[in-house]
Amino acid sequence: QVQLVESGGGLVQAGGSLRLACVASGSIFSFNTMGWYRQPPGKQRELVATRASIGATNYADSVKDRFTISRDKNTVYLQMNSLKPEDTAVYYCNLKNQRSVFAVGMDYWGEGTLVTVSS
């Protein structure tokens, strides 16, 4: 099985910064993608950023100029700068195990960490 443990959430003022971390363990395929999704209050879960084991990255348009995703082996980080109240959400770590570079895979999720940005 796969375990994802998140950390780094909290309460910050608008304009501040937070750094999230997620450590993956268990049966992790050679081809995989790790990243972050978020669910704001009253909205559906949405993509924030992902980084594949081969190096490709993907960012939501709303965070490209402020957030940076990075990986160190099976740990993924999300550096969040210039935070806005609309960034308030539960942030979920995601791992997608893939059997090849372009194959669909199995998704695993962390339990989430709350980020609250006050006005």
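Residues numbered from 1 in each chain as written. Predicted model: local features only at pLDDT ≥ 70, side-chain atom pairs only at ≥ 80, totals over all residues. Heavy atoms only, no water.

(A) How the structure looks around the sheet that holds strand E1 (residues 2-7). Pairing is antiparallel in the open sheet, where 4 strands are placed in the order E1-E3-E8-E7. The open sheet terminates on both sides in strands that have one partner only, identified here as E1 and strand E7 (67-72). For this sheet, the mean angle separating the axes of adjacent strands, direction not counted, is 15°. With 6 bridges joining them, strand E3 (residues 18-26) and strand E8 (residues 75-80) adopt antiparallel strand pairing. Residue pairing in the sheet places Cys22 in a bridge with Val76 of E8. (Pairing = 2+ DSSP bridges. Helix = DSSP H or I, 4+ residues; strand = E, 2+ residues; numbered from the N terminus. Axes fitted to C-alpha atoms, helices over the stretch in contact; angles between N-to-C directions.)

(B) Examining the pattern of salt bridges more closely. Evaluation of the coordinates by the stated rule reveals 6 salt bridges. With a closest N to O distance of 2.6 Å, Asp87 and Arg66 form a salt bridge. Of the two residues, Asp87 sits in the loop between E8 and strand E9 (89-98) while Arg66 sits in the loop between strand E6 (57-59) and E7, which places them 21 residues apart along the sequence. Of the two residues examined, Asp87 and Arg66, each falls in the buried class. Here Asp107 ties to Lys96 by a salt bridge, and the two come within 3.0 Å at their closest N and O atoms. Here Asp107, found in strand E10 (residues 105-109), pairs with Lys96, found in strand E9; they are 11 residues apart in sequence, far enough to count as distant. Take Asp107: its relative accessible area is 31%, and that puts it in the partly exposed class. In this structure Lys96 comes out as partly exposed when scored by relative accessible area, which is 25%. Overlapping salt bridges, with partners in common, bring together Arg38, Glu46, Asp65, Arg66 and Asp87 in one network. (Salt bridge = Lys/Arg side-chain N within 4 Å of Asp/Glu carboxyl O. Buried < 20%, exposed > 50% of the residue type's maximum accessible area, 1.4 Å probe, protein only.)

(C) Quick look at the state of the cysteines. Counted under the stated rule, the structure contains 1 disulfide. Here Cys22 is linked by a disulfide to Cys93, with a sulfur-sulfur distance of 2.0 Å. Taking the torsion about the sulfur-sulfur bond, which here is approximately -85°, the covalent link between Cys22 and Cys93 counts as left-handed. On the criterion of sequence distance, the pair formed by Cys22 in strand E3 and Cys93 in strand E9 is long-range, its members being 71 residues apart. Judged by relative accessible area, which is 0%, Cys22 ranks as buried. (Disulfide = S-S within 2.5 Å.)

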